[in-house]
Amino acid sequence: MPRKHQGTDVTVARVLDAALRVHAEHGREGFTMTAVIDATGLSSGSLYHHFGSFDGLAAALCARCLADLLDALLDALTGITEARAGVEAVARAYLAFTREHSDAARFIHASAHAAFLPEHADVVAELKAPRIARLVEWMVPHIKAGEVAPLSPATMEMLLIGPVAETARRWLSCDPAIDLDEAADVLPSRIWRSLQP
């Protein structure tokens, strides 16, 4: 990679790291361009150069956090060939990521209805779509074998990820009724049942 591009990538990664810390420490209300600039020492002109706008930075951070989450789910499938084991591993991996990388998980869920998403949906989709496609592709042989219901990719995503995503959202919002350990014990097998023919 050319040195110029290396420098750009390093700068972007550094700014996104700092932006995530700002969000973790100050919440959505404190997640501002001024706070991120103060945390990074980056000028507003440089921020606009790399991200186009503060909304562009937020979208890039959301995309990176989501990619990290989905990579964790894909990593959980490594070496697994049995349908039920794979589905349950994905569910547990989502909950584990939520606990171990709560700052990133919180930003993902805080961004779900954020104003920047519609305008920058392509930034998120660029990283999300191929990873979701790989999850669905893993299911294809099991669908053909009659072990998993032949559902649309969108419906499959909702059944596979929806329950753990909602559990994570409520846990991250400090809902006292949500216990991640209990969820990890109970949800995987029930999600598997929902995907059976």
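Residues numbered from 1 in each chain as written. Predicted model: local features only at pLDDT ≥ 70, side-chain atom pairs only at ≥ 80, totals over all residues. Heavy atoms only, no water.

**Student:** Help me understand the layout of surface pockets in this model?
**Tutor:** Estimated volume of the largest pocket: approximately 690 Å³. As for the largest pocket, its lining consists of 28 residues, and the residues nearest its centre are Tyr-94, Ile-108, His-109, Ala-112 and Ala-165. The set of elements that each furnish at least two residues to the lining of the largest pocket consists of helix H1 (3-30), helix H4 (54-76), helix H6 (102-110), helix H8 (121-144) and helix H9 (153-172). In terms of residues, the lining of the largest pocket owes the most to one element, H9, which gives eight residues. Considered class by class, the residues forming the lining of the largest pocket number 15 nonpolar, seven polar and six charged. (1 Å grid on protein atoms, 1.4 Å probe; cavity = no way out; pocket = protein on both sides within 12 Å on 5 of 7 lines; lining within 4 Å. Points joined across faces, edges and corners; volume = space filled by probe spheres on them. Helix = DSSP H or I, 4+ residues; strand = E, 2+ residues; numbered from the N terminus. Nonpolar A, V, L, I, M, F, W, Y, C, P; charged D, E, K, R; others polar.)

**Student:** Honestly, the environment of Glu-25 in this entry has me stumped. Any pointers?
**Tutor:** With respect to the secondary-structure elements, Glu-25 resides in helix H1. Classification of Glu-25 as exposed rests on a relative accessible area of 60%. (Buried < 20%, exposed > 50% of the residue type's maximum accessible area, 1.4 Å probe, protein only.)

**Student:** What exactly am I supposed to notice about the packing of aromatic side chains here?
**Tutor:** Both the distance between ring centres and the angle between the ring planes are used here to describe each pair of aromatic rings. Evaluation of the coordinates by the stated rule reveals two aromatic pairs. An angle of 45° between the planes, with centres 5.0 Å apart, marks the rings of Phe-31 and Phe-54 as tilted. Here the residue Phe-31 occupies a position in the loop between H1 and helix H2 (33-40), and Phe-54 occupies one in helix H4, the gap between them amounting to 23 residues. Residue classification places Phe-31 among the buried residues on the basis of a relative accessible area of 11%. Ring plane angle 70° and centroid distance 5.4 Å describe the contact between Phe-31 and Phe-107, whose orientation is recorded as edge-to-face. Here Phe-31 is found in the loop between H1 and H2, whereas its partner Phe-107 is found in helix H6, with 76 residues between them in sequence. Phe-107 gets classed as buried once you look at its relative accessible area, which sits at 2%. Ring pairing ties together the aromatic residues Phe-31, Phe-54 and Phe-107, which thus form one cluster. (Phe/Tyr/Trp six-rings, centres within 6.5 Å; stacked < 30°, edge-to-face > 60°.)

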